[in-house]
Amino acid sequence: MAEPTRRKSEDIPVLDIENLAVAYKVRGGEVEAIQNVTLDIKKGESHGIVGESGCGKSTCAWSIINFLGANGYVKRGTIKFQGKNLVGKKGEELRRLRGDQIAMVYQDPMQSLNHSMVLGEQLKEVLTVHQGMSNKAAEKDCIRMLEKVQMPDAANVMRRFPHQISGGQQQRVVIAMALLNNPALLLMDEPTTALDVTVEAAVLDLIADLRKEFNTAIMYITHDLGVVARVSTRVGVMYAGEMVERATVEELFKSPQHPYTQGLMRCVPKLGTDRSSSILYPIPGRVPPPGGRPAGCVFWPRCDYVRKRCREERPKLRSIAGTETWVRCHFSEDIDMGSWEPPEDLVLPGTVQKKEVDETILEVKGLKKYYRVRGNSLKDVFGMGEKQYVKAVEHASFKVPRGKTLGIVGESGCGKSTLVKTIIGLERATDGEARFLGFDITNSISARDRKLIQELQMVFQNPDSTMNPSYTVGQQIARPLKRFNVMPKEKITDEVLRLLRSMRLDEKYYDRLPRQLSGGEKQRVGIARALASHPDLVLCDEPVSALDVSVQAAIINLLLEIQEEFGTTLIFISHDLSVTRFFSEYVCVMYLGQIMELGPAEEIYAPPYHPYTEALLSAVPIPDPTAKQKRVRLQGVVPSAIAPPSGCRLNTRCPRREMLPDPDICLTDPPWREVHPGHHIYCHIPLDELRKIDPVVSIKEVNHAG
Amino acid sequence: MNAEAAANEENKSEKRTKPSLWKTISIIFESRVATIGMVMVAFWVIVGCISLVWTPYDPNSSDFIQNLSPNATNWLGTDHMGRDLLSRLMQGTQVILLKTRLPGGEHSIPGGVAIWGVLGSLFLGVILGLNAGYRRGWTDQIIMQVLDALIAFPQIVLYLVVIAALGQGDMVVILAITITGAPGVARLARSLALDIQTRDYIRAAETRAESAWFIMFREILPNARGPLLVDSMLRVGYAIFMIGTLGFLGIGLPPPDPDWGSMVNEARKYIFVNQLPVIWPALAISTLVIGLNLFADGLREELMRYQK
Amino acid sequence: MVRFLVRSVVSTIITILLVSIGLFVLIEVGSGDISVKILGVFSTPEQRASYRAQLGLNAPTWQRYLDWLVGNDWRAKSRMTYPLITLKNPKTKEVEWWADVDGQATRWKMDKGELKRLVRKEDGFSKVMPAESDWIKGEGTEEFFWGVDNRNNAVKFVKGSGEEVWVLTKAGLRKQGDGPREYIPLRKGLIRGDAGLSWQYNRPVSMILKPRVRNTLVLAGVAFVVVMPLALFFGILAGINEGKLLDRIISITSLGATSTPEFVTGIFLILIFGIWLKVLPAVTMFTSSNAIFENPMMLALPVMTLTAVELGYVARMTRASMVEVMDSAYIRTAIVKGMPYWRVVFRHAIRNALMAPITIIMLHVNWLIGGVVVVEVIFGYPGLGKFIFDSAIFGDFSAIEAAAMVTVLIAIITRLIGDLAYTLLNPRVRYA
């Protein structure tokens, strides 16, 4: 008797969602956040769900555990969990499932842990409540689980509060908490999005290991094609609340069927390819909001292959013959991705060779920025303690030639933002030299000449805060023009409209308020404002990292185009190595306030690497499941910048330290080893040794762009 | 997602249309709570405005039999001196909301004591709060320390001290409301400034080397006005409350104009005989304060929704 | 955390100093010439000048502030020949200043140009003895002596030139000859428990203040103990039922309660319970300052009045905080972990939800004190609030300064306690 039933439960998918539609009641009606979502996840399988923001990915996960808030409900369809329908379950029955059979991990670990309870208490209750386990037994199990998620000093962590451990460790705790009851289904909603790339890589490794060990079915939601390629076996692509394509991960990346999926593939930069061939093609338009979706196919307004039928008839999710792929498109068989041609009005930057001008516009030598911090002992309170400093930037030296782009990469806390703030004058340099157009710029901005201020402008990261919500687009772009007396007053309006046009925004945007713009549009206005005073150097602080990939590509192209047109020099900060690679001629890699490697982009991304560069490159998620990527991981956590390790600051975590006969030499300042003129590595390991290291990434050259 | 939808709606609208004032006002009507509150406040403002030109009888003359119940001539009854309660109640709105009597003369300026007091604390508080929140460091420490000292005074004690020192009068009450209100406004303005100054558009202004005053008043203040407006409404409520209390204690606004608090004070000695002269002004104060509270609450919710 | 604690304490001390300066300047400078207020508008300029000299008002403001705050006996001591001592008057229990001359408490006076000692006897009276030998030679031919007069002033007598002074007695102003040239009205200063003399009662303020502060603390304390559990309970109840009927009822009731002034609530409570129901004394006569201990029922109506006003406010704060917490990501985590609802509320939500109200409640204590003033006036309750009110009406400056300082002190100390409580409740601060 037992035999067939067990067999049966093996066959039944852990999760089987069919034609799911979730609606939210809002003032004056309701909107369907997701509609017609179908998917199934088998035991031990990791099913990725990928899509841009606002596509309904999270709603999909929340609907499974029926946590849709007061105004959300499942309107149509079924959610079967181990064969039983979950829709409509509530109360005690639902509670028993949550945290026991179905567990969830989500984005921001700091927010999702209770900050006034010790971690042990939060972990243990999962066991004591669901399994009625005794406190002592639960404690033991929790420690064992923490060890499984590779948490150092597990027993001690049980007694800590969330804010006392790092972000990566918090996410490990949340994952451990989810796994405690060995759930059949694990829902992960962007679990690594808030983490640094090397930490993310370690957490992704962990998830892969745990999946093998526990044989759990995982639903993995992310916006990042690279991550999805790394963690999933099958992938569903969501667009505007619908599942538009489902396929195995290999199929999806090899031959995407839906035009949207194809578009996505074209607009992410891939690490390892060289710059000239990796042109990004943005998808025109933007994701429609839930209330404003078009009739017919949801994608048709942005689709390059749109036909009459697409506008009238909503396609069904159908299977492609001879594959495991399902696609929601009428004509996917007719579409050949290889023969895709970019639309003619798309101006492609970066293809023209830039004129070689040998003029250094910015030169930084031995720049230092320290922040004073106050200690917490009684002595410090009375000012008798030792003075402590956060050494945010230490001995930064580089040159930027006119008209070129310098990319600065590094993880959070590496000092890249501080460096840029010091250059622009929002912070005063503690020591060192910095010259811009030959003028000293180690002082703060208020001490600078207005002409100099005008030549140095900045583009910011967050589209939601880059514009003042109280003023119209026109007013905000006009402000620098007025401030710097660039032109007579009566010409300002014309100039603003001209700038808007060069940002591909027409004049109706002139009187719009920021809240009427999308993220990408706000970022365009931010760029227009920075360019208004015709600066020679523009500092870009992660200008695209908060944007969706399709928009990101458009902004990057725009920046490149502008650079070509105005000959502007750019400094581009990013944590994203793929984007930086695509964008910059020169790259500078920073770690904990020190520059580790500096040189032309193509040389940075190929051996010889600095060990830190190598670790970074090996951590970057590559949107290609066939790509071979070495696994080099940094150990431990980032040390405090107040008391950084002496000598090479990487020495506590360096994966290549054992290559040296005497590892203690790392405690002294390393030499600047010159690979080529202009390419320097800050490391004790001799270049010949570093040259022996294989490239981190190798990709079969399949060029979707054609 | 809602905001996106809204934004999309707007994209369809005509090109180059300025956001209209009506649109801002219409936010109020989207909230039932705010609408109820506004109706309650508007009622008293209108009653006050009418009383400026017309009251049923002279509020200060004893024309009738004492302690009458409501009847056809005296709709709300009369008090212990035979004065018409409706007329007195109507005129009681004036000193609070509509006019301030200048010292010494018969002249008065528009805007009641509560309004001017709150405007005063808004002015003082915003200047201090923005400076503390934007400049931070020592400026912040010093300003906050001084404000802490002011906030340490129980409000009514501070009133009593001010009145003991300066005597009674409309201006003294305004001064007292200003002093007691300013620290609260400053704290709010400071916390808003601390939040807003982290935004990138402030950095953008700094990279243009704008002056601190420009950043504080042109970049930060416009984005802080919503919460400040809501807070001010609550403050008008507190002020009315306080004026009532002072009037009750007999040290508030000087005669001859009746104010609600002093009406209660006069009538309470006769409460065993006639409760109405206490009830009407008490109701007036309560409804006006509740109205302001509801208005503020509703507005705050709508503003938050609107910003999301 | 050490940093936080030290900062709080230092900041509190600075705050108290600032308050005292502000208070002193406002009262002493803002109020103009005090002598007019005391002697009346019909007094002559000469009388006022003499009286001002006796009160030590001719000294610069900073000097008087210091005298008021830390006392001036140390200033007088440095001038006097004999050491200053204080004795308690056996009848009035008031503190008197004397000089210690060879073990005998002594004061001085000028009589017909001659200096006389008044030596204190066991029965409290004093005997007059000649003291011509006490004169000290000054510059030139002048001979002077710093002693204590019988009005607790340190005074400078000058031989052969007695001043004409106007002395305020119970019968009014009287002119006396042989007066001293300079006065230092002796006081120990506020921080040593001497708040000066009340003009209204003609007794030391600190003696009047003590029982009143105690009475007020009893009233406010009882109200606090009644209000807090109720308010937190209703607030949490409303918070976890956000948007439901129960929440509406609690919210509207509490808004109504906070929006009704104390004086109205008080009057109607008297009316309802005292007149109509006759269950509580309608007119409470607080015959002595100890009355509340003899008949605790007298507290009922004042406490109810305070409760009605405070309850709504704190409940509203708690509700808002609870709503915010219930909406947070970590509560979502707890629910998604499959924790039972009540466990989520009690283990996860309440502790965080109470953090905000506790600081606000502590800040709110000075609002409570404001309410106490009104309640005490309505009920004639012999507490601090009524005392401040009476002093303000009377223009009794020493009294109002001292009483205001006491209220401020109470407010500041509770705030400090609130800060500490917050630190203890919030591990993020505790381990910072």
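Per-chain numbering applies: the sequence of each chain, read as written, is numbered from 1 onward. Think of it this way: whatever chain is written first is A, whatever ligand is written first is 1, and the rest follow in order. The model is predicted, so local features are restricted to residues of pLDDT at least 70 and side-chain atom pairs to those at 80 or more, both for listing and for counting; the totals for chains, interfaces and linings are taken over all residues. Where side-chain values are given, they derive from all heavy atoms of the structure, hydrogens and water being excluded.

### A look at the overall build of chain C
Part 1 of the reasoning: Working definition: helices are DSSP H or I runs of at least four residues, strands are E runs of at least two. Numbering for both runs from the N terminus. In terms of regular secondary structure, chain C is built from 16 helices and 13 strands.
Part 2 of the reasoning: The globule rule puts the C-alpha radius of gyration for 432 residues at 22 Å, and the 29 Å found for chain C is more than 25% above it.
Part 3 of the reasoning: Three labels apply to residues, based on accessible area from a 1.4 Å probe with only protein chains included: buried if under 20% of the type maximum, exposed if over 50%, partly exposed otherwise in between. Residues classed as buried in chain C amount to 51% of the 432 residues present.
Part 4 of the reasoning: Contacts were defined at the residue level, with two residues in contact if any of their heavy atoms lie within 4.5 Å. Taking all contacts inside chain C whose residues are at least 6 apart in sequence as the whole, residues at least 24 apart take part in 60%.
Part 5 of the reasoning: Of the roughly 19,600 Å² of accessible surface on chain C, 62% is carried by carbon and sulfur atoms.
Part 6 of the reasoning: Put simply, chain C has 49 plus and 36 minus side-chain charges, and the middle of one group is 8 Å from the middle of the other. Between the two quantities, the radius of gyration covers C-alpha atoms and the globule rule is 2.2 Å times the number of residues to the power 0.38. Note on areas: Shrake-Rupley, 1.4 Å probe, and residue coverage restricted to the protein chains presented here. We count Lys and Arg on the positive side and Asp and Glu on the negative side, and we leave His and both chain ends out. Every charge is mapped to an atom, namely NZ of Lys, CZ of Arg, CG of Asp or CD of Glu.

### Focus on the nonpolar core
Part 1 of the reasoning: Residues enter a nonpolar core if they are buried and are Ala, Val, Leu, Ile, Met, Phe, Trp, Tyr or Cys, with the set joined through side-chain atoms within 4.5 Å. Among the nonpolar cores identified, the biggest contains 117 residues, and I240, F248, W260 and L288 of chain B together with L209, F263 and I400 of chain C are the most heavily contacted of them.
Part 2 of the reasoning: It is helix α10 (residues 212-249) of chain B that contributes the most residues to this core, 12 residues altogether.
Part 3 of the reasoning: Segmentation into domains, and thus their bounds, comes from an automatic or database assignment. Viewed by domain, this core spans two of them, domain 1 (42-191) and domain 2 (206-425) of chain C, each represented by three or more residues.
Part 4 of the reasoning: Apart from residues no more than four positions distant in its own chain, F263 of chain C is found in contact with G244, T245, F248, G261, V264 and I285 of chain B together with V374 and I378 of chain C.
Part 5 of the reasoning: Among the nonpolar cores identified, the runner-up in size contains 104 residues, and C60, L185, F331 and V459 of chain A belong to it.

### Some details on the interface of chain C and chain B
Part 1 of the reasoning: Taken together, the contact pairs 48 residues of chain C with 41 residues of chain B.
Part 2 of the reasoning: A combined buried area of about 3,800 Å² lies between chain C and chain B, and 77% of that area is made up of carbon and sulfur atoms.
Part 3 of the reasoning: The largest per-residue losses of area from chain C upon contact with chain B belong to F263, I267 and W367 of chain C, which jointly make up 15% of the total buried on that side.
Part 4 of the reasoning: Within this document, salt bridges are pairs made up of a side-chain nitrogen of Lys or Arg and a carboxyl oxygen of Asp or Glu, the two lying within 4 Å of each other. Run the count over chain C and chain B and you get two salt bridges.
Part 5 of the reasoning: For the salt bridge of R316 of chain C with D297 of chain B, the shortest nitrogen-to-oxygen distance reads 3.8 Å.
Part 6 of the reasoning: Polar contact criterion, stated in full: a pair of N or O atoms within 3.5 Å, where within protein one must be able to donate a hydrogen and the other to accept it, and residues adjacent in sequence count only if both atoms are side-chain atoms. Where chain C packs against chain B, one counts four residue pairs in polar contact (both at pLDDT 80 or more).
Part 7 of the reasoning: Of all the secondary structure elements, the ones that give two or more residues to the side of chain C that touches chain B are α1 (2-30), α7 (245-258), α8 (262-276), α10 (300-326), α13 (365-379), α14 (384-394) and α15 (397-425) of chain C. Summed over both partners, buried area is the accessible surface (1.4 Å probe) that two parts give up on being assembled.

### Re helix α19 (residues 519-531) of chain A
Part 1 of the reasoning: One fewer than the residue count of a helix, multiplied by 1.5 Å, yields its expected span. Helix length check: α19 of chain A, at 13 residues, gives a terminal C-alpha distance of 19 Å against a target of 18 Å (1.5 Å per residue), a fit within 8%.
Part 2 of the reasoning: Among the 13 residues of α19 of chain A, 12 are classified as buried, and the element is accordingly described as predominantly covered.
Part 3 of the reasoning: Where α19 of chain A is buried, its residues contact β18 (456-459), α17 (473-483), α18 (492-502), β19 (537-541) and α20 (549-566) of chain A together with α9 (200-207) of chain B.

### Let's talk about the sheet that holds strand β13 (residues 360-373) of chain A
Residue and element names in this part refer to chain A.
Part 1 of the reasoning: Pairing in this open sheet of four strands is antiparallel, and the strands run β14-β13-β16-β17 from one edge to the other. The open sheet has two edge strands with one neighbour each: β14 (388-401) and β17 (439-440).
Part 2 of the reasoning: As paired elements, β13 and strand β16 (residues 431-436) share five bridges and run antiparallel to each other. In the sheet register, V364 faces β16, and the bridge partner there is A434. Two strands are counted as paired when DSSP detects at least two bridges linking them.

### Considerations on the state of the cysteines
Residue and element names in this part refer to chain A.
Part 1 of the reasoning: Whenever a pair of cysteine sulfur atoms sits within 2.5 Å, that pair is classed as a disulfide. For the structure shown, the criterion picks out zero disulfides over all chains.
Part 2 of the reasoning: Lacking any disulfide linkage, C414 is separated from the closest cysteine sulfur, that of C588, by 8.5 Å.
Part 3 of the reasoning: A relative accessible area of 3% places C414 in the buried class.
Part 4 of the reasoning: Unpaired in this structure, C683 has its nearest cysteine sulfur neighbour in C654, at a distance of 6.1 Å.

### Observations concerning the pairing of β18 of chain A
Residue and element names in this part refer to chain A.
Part 1 of the reasoning: Going residue by residue along β18, you find L456 and M458 tucked away on one face and Q457 and V459 tucked away on the opposite face as well.
Part 2 of the reasoning: The pairing of β18 with β19 spans four bridges and is parallel. If you follow V459 over to β19, its bridge partner there is C540.

### Here's the deal with the packing of aromatic side chains
Part 1 of the reasoning: Two rings from Phe, Tyr or Trp (for Trp, the six-membered ring) form a pair when their centres sit within 6.5 Å of each other. Planes less than 30 degrees apart are called stacked, planes more than 60 degrees apart edge-to-face, and all others tilted. Enumeration over the complete set of coordinates arrives at 23 aromatic pairs over all chains.
Part 2 of the reasoning: Judged by centre distance (5.1 Å) and plane angle (90°), the ring pair of Y239 of chain A and F299 of chain A falls under edge-to-face. Pair noted here: Y239 of chain A is in strand β9 (residues 234-239) and F299 of chain A is in the loop between α12 (259-266) and α13 (308-312), with a separation of 60 residues, a long-range link. Here the two residues Y239 of chain A and F299 of chain A agree in accessibility, since each one is buried.
Part 3 of the reasoning: A ring pair is formed by Y82 of chain C and W108 of chain C, whose centres lie 5.7 Å apart and whose planes are at 15°; its orientation type is stacked. Residue Y82 of chain C is found in the loop between α5 (73-77) and β1 (84-88), and its partner W108 of chain C is found in strand β3 (residues 104-111); the two are separated by 26 residues along the sequence.
Part 4 of the reasoning: The rings of W62, F67 and Y106 of chain A are connected pair by pair, giving a single aromatic cluster.
Part 5 of the reasoning: We note R311 of chain A situated over the ring of W300 of chain A; from NZ or CZ to the ring centre the distance is 5.1 Å. Note on criteria: charge over ring means Lys NZ or Arg CZ within 6 Å of the ring centre, with the direction from the centre no more than 35 degrees off the ring normal.

### A closer look at a nonpolar patch on the surface
Part 1 of the reasoning: Here a patch means residues that are over 30% exposed by relative accessible area and free of salt bridges, tied together within 9 Å if like-charged and within 5 Å if nonpolar (Val, Leu, Ile, Met, Phe, Trp, Tyr). On the surface, W138, I142 and V146 of chain B together with V10, I14 and L18 of chain C cluster together to form a nonpolar patch covering roughly 570 Å² of accessible area.
Part 2 of the reasoning: Every element with two or more residues in the nonpolar patch is listed here: α6 (137-152) of chain B together with α1 of chain C.
Part 3 of the reasoning: Among the secondary structure elements, V10 of chain C is positioned in helix α1.
Part 4 of the reasoning: The class for V10 of chain C is partly exposed, based on a relative accessible area of 40%.

### So, the domain arrangement of chain C
Residues and elements named next belong to chain C.
Part 1 of the reasoning: When cut into domains, chain C gives domain 1 (42-191) and domain 2 (206-425).
Part 2 of the reasoning: Look at where the C-alpha atoms of domain 1 and domain 2 centre, and you get two points 48 Å apart.
Part 3 of the reasoning: Listed by partner, the interface residues are five residues for domain 1 and four residues for domain 2.
Part 4 of the reasoning: When the two sides are added together, the surface that domain 1 and domain 2 hide from each other amounts to roughly 340 Å², 77% of it contributed by carbon and sulfur.

### Digging into the packing of helix α6 (residues 205-240) of chain C against α7 of chain C
Residue and element names in this part refer to chain C.
Part 1 of the reasoning: Put simply, α6 and α7 touch, their axes get as near as 8 Å, and they point 140° apart. Between α6 and α7, the crossing angle belongs to the class labelled oblique. Relative to α7, the crossing made by α6 is left-handed. Across the interface between the two elements, F234, L237 and A238 of α6 pack against L246, D247 and I250 of α7.
Part 2 of the reasoning: Note on residue classes: Ala, Val, Leu, Ile, Met, Phe, Trp, Tyr, Cys and Pro are nonpolar, Asp, Glu, Lys and Arg are charged, and everything else, Gly too, is polar. Per-class residue counts for the contact of α6 with α7 are five nonpolar, no polar and one charged. Axis definition: a line fitted to C-alpha atoms, limited for helices to the stretch in contact. Angles are taken between N-to-C directions and run from 0 to 180 degrees. Under this scheme an angle from 65 to 115 degrees is roughly perpendicular, one under 35 degrees roughly parallel, and one over 145 degrees roughly antiparallel; angles in between are oblique. Handedness of each helix crossing follows the sense of rotation of the near helix against the far helix: counterclockwise by less than a right angle gives left-handed, clockwise gives right-handed.

### Description of unusual backbone geometry
What you tend to see is this: most non-glycine residues have negative phi, and most peptide bonds are trans.
All names here are of chain A.
Part 1 of the reasoning: Residue P608 is bonded to the preceding P607 through a cis peptide linkage, with omega at 0°.
Part 2 of the reasoning: Relative to the helices and strands, P608 resides in the loop between α22 (601-604) and α23 (611-619).
Part 3 of the reasoning: For Q82, which is not a glycine, the phi torsion comes out positive at approximately 50°.
Part 4 of the reasoning: Within the fold, Q82 resides in the loop between β4 (72-81) and β5 (84-85).

### What to know about the interface of chain A and chain C
Part 1 of the reasoning: Contacts between the two partners involve 33 residues from chain A and, on the opposite side, 25 residues from chain C.
Part 2 of the reasoning: Both faces combined, the contact of chain A with chain C buries some 2,800 Å², and carbon together with sulfur accounts for 60% of it.
Part 3 of the reasoning: For the pair chain A and chain C, the number of links is three salt bridges.
Part 4 of the reasoning: Counting across the interface, chain A meets chain C through 14 residue pairs in polar contact (both at pLDDT 80 or more).
Part 5 of the reasoning: Those elements giving two or more residues to the side of chain A that touches chain C turn out to be α4 (109-112), α5 (119-131) and α14 (378-381) of chain A.
Part 6 of the reasoning: Here the side of chain A that touches chain C gets seven residues from one element, more than from any other, and that element is α5 of chain A.
Part 7 of the reasoning: Across the side of chain A that touches chain C, the residue classes tally to 15 nonpolar, 13 polar and five charged.

### Considering the side chain of E495 of chain A
Part 1 of the reasoning: For E495 of chain A, the position within the fold is in helix α18.
Part 2 of the reasoning: The residues contacting E495 of chain A, other than those within four sequence positions of it, are L481, M487 and H534 of chain A.

### So, the pattern of salt bridges
All names here are of chain A.
Part 1 of the reasoning: Enumeration over the complete set of coordinates arrives at 56 salt bridges over all chains.
Part 2 of the reasoning: Close ionic contact of R656 with E614 constitutes a salt bridge, the shortest N to O distance being 2.4 Å. Taken together, the positions of R656 in the loop between β23 (628-629) and β24 (672-676) and E614 in helix α23 put the pair 42 residues apart, joining distant regions of the chain.
Part 3 of the reasoning: Judged by relative accessible area, which is 0%, E614 ranks as buried.
Part 4 of the reasoning: One continuous salt-bridge network, built from bridges that share partners, spans D40, K42, E45, R234 and R246.

### Description of the sheet that holds β5 of chain A
In any sheet, the strands associate via hydrogen bonds between backbone groups, in a parallel or an antiparallel arrangement.
All names here are of chain A.
Part 1 of the reasoning: Pairing within the open sheet is antiparallel, and its four strands lie in the order β2-β1-β4-β5. If you trace the sheet from one side to the other, it starts and ends with β2 (29-41) and β5, each paired once.
Part 2 of the reasoning: In terms of strand pairing, β4 meets β5 through two bridges, oriented antiparallel. Directly across from K80, in β5, lies its bridge partner N85.
Part 3 of the reasoning: Packing against the sheet, helix α2 (residues 57-64) makes contact with β1 (15-26), β2 and β4, and its axis sits at approximately 105° to β1.

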